[in-house]
Amino acid sequence: MSYIVLARKYRPQTFDEVFAQEHITTILKNAITFNRIAHAFLFTGSRGVGKTSLARILAKSLNCMEGLSATPCNKCENCREITQSTSTDVVEIDGASNTGVEDIRDLQKELMYATSKSRYKIFIIDEVHMLSKNAFNALLKTLEEPPEQVVFIFATTEPHKVLPTIISRCQRYDFKRIPIDAIVEHLRAICSEEKIKVEDEALYLVAKKAEGSMRDALSLMDQLIALGKQDTKTNDVLALFGIVSTDIYHKITEYIYQKNAAAIIGLIHNILDKGNDLQEFINGYLDYIRTMLLIKTKVPLPELPPTVREEMEKINQNFSEDTLLYILSILIKTKSEIKFSGNPVLITEMTFIKLTKIDNMKSLAEILKSLQFSDISPMKKPVTTTQKTRSEKLQDTLKEKMDKEIDEEMPKYTEITEQIYNETKDKLRRRLENALPWAADFFSDIKLIKIRNNIIHLKTTSQMAYDYLEKNHQKVSDIVSQFYRLDVKLHFVLEVEKKDKPEIIKNPTLEDIKRETPEIAEFIELTDATVRPLYDYKPDKKEPEPDK
């Protein structure tokens, strides 16, 4: 075949060409420079992030004929053979098809042979987690003390399946997902090399769909180039890969704000008619709402196209953080329900109808607040809805009139003193009666301690009054501040009354008892009783002792 796919054609050949893995390449280059080379390496990470490519680059650096170097020449016979996977001294093994103990024994036999023309005998085992437990155990001794000039390089996407005894004998390097902006930059360079033109937003969509994998991004670009267009537009990418346009998500979010459920259902049906996957649609909208929430919280998103960000910021003004979090929670629940449902379209339709009714749903905090202690007396008889409504309207009118009269009578103070408080206490109580009747009742018995820096210190001897005023502390403070037209703070103190204890008479006489308790005196007169000390009392009959 003359055609070489982009993933192979533009595969990294040096450490510097590996994308977004500087934390690994720096260590490996220094290890080679100072000749501190381990006998076993474990490369872990998601697909398409450069594990096998970096293993080959490391092999070339160790076996380059120009000498041990962090920058292999890529021209000598050894470098070319390793690049083409034909080197006899660099053995690449597929862990998925060589999983048994016999395969490991064959590998151990090959270790006994010396290298043909290289410095090191290197074994690259891809998808090493596929080896069986017995195969891993057979490899342990060899891996811990391999022959001199032998290097193992393991690569895996699932490191948790590798035995801890294997991991402890290797130098482990965790590869990161490649950022979207790095993928876009590389794709732009490839487009320039291949002499094709692709819109930046289209490249962004390709990079986003690749989910951090450079190989996936290059495979998608192969499909895009196969369209045969010299100037590829964003719509071409949307149609080719079944991606829902961001403009659709803009419209859906605006329709949620406008409570237009019919328009949303129409858009969803249009998406399905074009062959888009429903699960992918939900995933895309989840990511869209997540991005809106991050923008709301001022999180920098450099990979987001400026035009898309500008539109999202405009729509974002219609929603609070709590609303976006609520939408996210509903979509996450819908995503899991769709997987096991026989009618996923119905679930999706009901979800978006529910999202258009967000304003009708109270939060848990609002429900709990409505259940808090009410200012209406529990002894008050229930009234009908019509009577209650009329009564409330009349009461509100009277309250507003009284508040207005009180405000007109009150001068504007710059500071509250004890004299001002005592002079205006009755008016303050009238104002409280309109808003918090119980607070006004409690205020009638409350006493002033002192006033300092507009902080009014008050005391009460009633536990009930203290509990109520503390519970409604903010409400009462706001009413008092509005009354005085100042920022006034209240401080309540519960003062427990000290009751005088009666004097206890030691060894009271009969006359003392008669004087203190008339009832007992009358009893003594009727029965002619006498008073005897407690220690002189002897029962007439001794009680039997219990069995031991």
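In the block above lies the structure referred to throughout.
Here the structure is a predicted model, which means the values were calculated and not measured.

Conventions we followed
Residues numbered from 1 in each chain as written. Predicted model: local features only at pLDDT ≥ 70, side-chain atom pairs only at ≥ 80, totals over all residues. Heavy atoms only, no water. Helix = DSSP H or I, 4+ residues; strand = E, 2+ residues; numbered from the N terminus. Buried < 20%, exposed > 50% of the residue type's maximum accessible area, 1.4 Å probe, protein only. Contact = heavy atoms within 4.5 Å. Areas by Shrake-Rupley, 256 points an atom, 1.4 Å probe, with all protein chains shown as cover. Phe/Tyr/Trp six-rings, centres within 6.5 Å; stacked < 30°, edge-to-face > 60°. Pairing = 2+ DSSP bridges. Axes fitted to C-alpha atoms, helices over the stretch in contact; angles between N-to-C directions. Parallel < 35°, antiparallel > 145°, perpendicular 65-115°, else oblique. Left-handed = near helix turned anticlockwise from the far one by under 90°. Nonpolar A, V, L, I, M, F, W, Y, C, P; charged D, E, K, R; others polar. Expected span 1.5 Å × (residues − 1). Right-handed = clockwise from strand over helix to strand, strands pointing away. Polar contact = N/O pair within 3.5 Å; in protein donor to acceptor, adjacent residues only side chain to side chain.

Caption draft 1: A look at the overall build of the chain. Across its full length, the chain carries 25 helices and 10 strands. When burial is assessed residue by residue, the chain has 38% of its 548 residues classed as buried. Considering only intrachain contacts with a sequence separation of at least 6, the fraction spanning at least 24 residues in the chain is 72%. Total accessible area on the chain stands at roughly 33,900 Å², and carbon and sulfur atoms take up 52% of it.

Caption draft 2: How the structure looks around the packing of aromatic side chains. In this structure the tally under the stated criterion is 14 aromatic pairs. When the centroid spacing of 5.9 Å and the interplanar angle of 35 degrees are considered together, the rings of Phe281 and Phe352 count as tilted. Within this pair, whereas Phe281 is found in helix 14 (residues 278–296), its partner Phe352 is found in helix 17 (residues 344–355), the two being separated by 71 residues in sequence. Given the relative accessible area of 2%, Phe281 is considered buried. Put simply, the rings of Tyr249, Phe281, Tyr285, Tyr288 and Phe352 pair up and form one aromatic cluster.

Caption draft 3: Fine view of the environment of Leu238. Tracing the backbone through its elements, the reader meets Leu238 in helix 11 (residues 234–241). In this structure the C-alpha to C-alpha distance between Leu238 and Val206, which are 32 residues apart in sequence, comes to 9.4 Å. Discounting chain neighbours no more than four positions away, the residues touching Leu238 are Leu205, Ile243, Val244 and Ser245.

Caption draft 4: Fine view of the sheet that holds strand 1 (residues 40–44). If you walk across this open sheet you meet the 5 strands as 2-3-4-1-5, and the pairing is parallel. Lying at the two open borders of the sheet, with one neighbouring strand each, are strand 2 (90–94) and strand 5 (171–174). In this sheet, neighbouring strand axes are inclined to one another by 15 degrees on average, regardless of whether the strands run parallel or antiparallel. In this structure, strand 1 lies alongside strand 4 (residues 150–156), joined through 5 bridges in parallel fashion. Opposite Phe41, over in strand 4, you have Ile153 as the bridge partner.

Caption draft 5: Examining the packing of helix 14 against helix 16 (residues 321–339) more closely. Helix 16 packs onto helix 14 with a crossing angle of 160 degrees between their chain directions and a minimal axis gap of 10 Å. Between helix 14 and helix 16, the interaxial angle falls into the category roughly antiparallel. Considering only the axes of helix 14 and helix 16, their crossing is left-handed. Contact with helix 14, carried on its side by Leu278, Gln279, Ile282, Asn283, Tyr285, Leu286, Ile289, Arg290, Met292, Leu293 and Lys296, involves Glu321, Leu324, Leu325, Ile327, Leu328, Leu331, Ile332, Lys335, Ile338 and Lys339 of helix 16 and no other residues of that element. Among the residues making up the contact of helix 14 with helix 16, the classes are represented as 14 nonpolar, 2 polar and 5 charged.

Caption draft 6: Representation of helix 8 (residues 180–194) within the structure. In this model, helix 8 (15 residues) spans 21 Å end to end at C-alpha, consistent with the 21 Å of a helix rising 1.5 Å per residue. As for helix 8, its buried residues are in contact with helix 1 (6–9), strand 6 (197–198), helix 9 (200–210) and helix 10 (214–225). In the segment just after helix 8, Lys195 is the residue with positive phi, at about 60 degrees.

Caption draft 7: Representation of the sheet that holds strand 9 (residues 455–460) in the model. Taken together, 3 strands build an open sheet; the order of strands is 8-9-10 and the sheet is mixed. Two strands in the sheet have a free side with no partner beyond their single neighbour: strand 8 (447–452) and strand 10 (489–494). Each neighbouring strand pair of the sheet contributes to a mean axis angle of 20 degrees, computed without reference to strand direction. Bridge count for strand 9 against strand 10 is 6 bridges, and the pairing is parallel. If you follow Ile456 over to strand 10, its bridge partner there is Leu490.

Caption draft 8: Quick look at the pairing of strand 4. Taking burial as the measure, the 7 residues of strand 4 include 7 buried ones, the bulk of the element. Where burial is concerned, the two faces of strand 4 agree: the one with Val150, Phe152, Phe154 and Thr156 and the one with Val151, Ile153 and Ala155 are both buried. Handedness of the crossover is the feature at issue here: the chain leaves strand 3 (residues 121–126), passes through helix 6 (residues 133–144), returns alongside strand 4, and the resulting connection is right-handed.

Caption draft 9: Fine view of the side chain of Asn316. Mapped onto the elements of the fold, Asn316 is located in helix 15 (residues 306–316). Under the relative-accessibility criterion, Asn316 is labelled buried at 3%. Polar side-chain contacts of Asn316 include one of 2.8 Å to the backbone oxygen of Met292. Each residue touching Asn316, except ones within four places of it in the same chain, is listed here: Met292, Ile295, Lys296 and Leu324.

Caption draft 10: Examining the environment of Lys75 more closely. Structurally, the position occupied by Lys75 is in the loop between helix 3 (51–63) and helix 4 (77–83). Counting along the chain gives 10 residues from Lys75 to Met65, while the straight-line C-alpha distance between them is 9.3 Å.

Caption draft 11: Just unusual backbone geometry, in detail. Despite not being glycine, Asn74 has its phi angle at roughly 60 degrees, a positive value. By secondary structure assignment, the location of Asn74 is in the loop between helix 3 and helix 4. Take Asn74: its relative accessible area is 25%, and that puts it in the partly exposed class. Notably, Arg485 is not glycine yet its phi reads approximately 60 degrees, a positive angle. Mapped onto the elements, Arg485 comes out in the loop between helix 23 (473–484) and strand 10.

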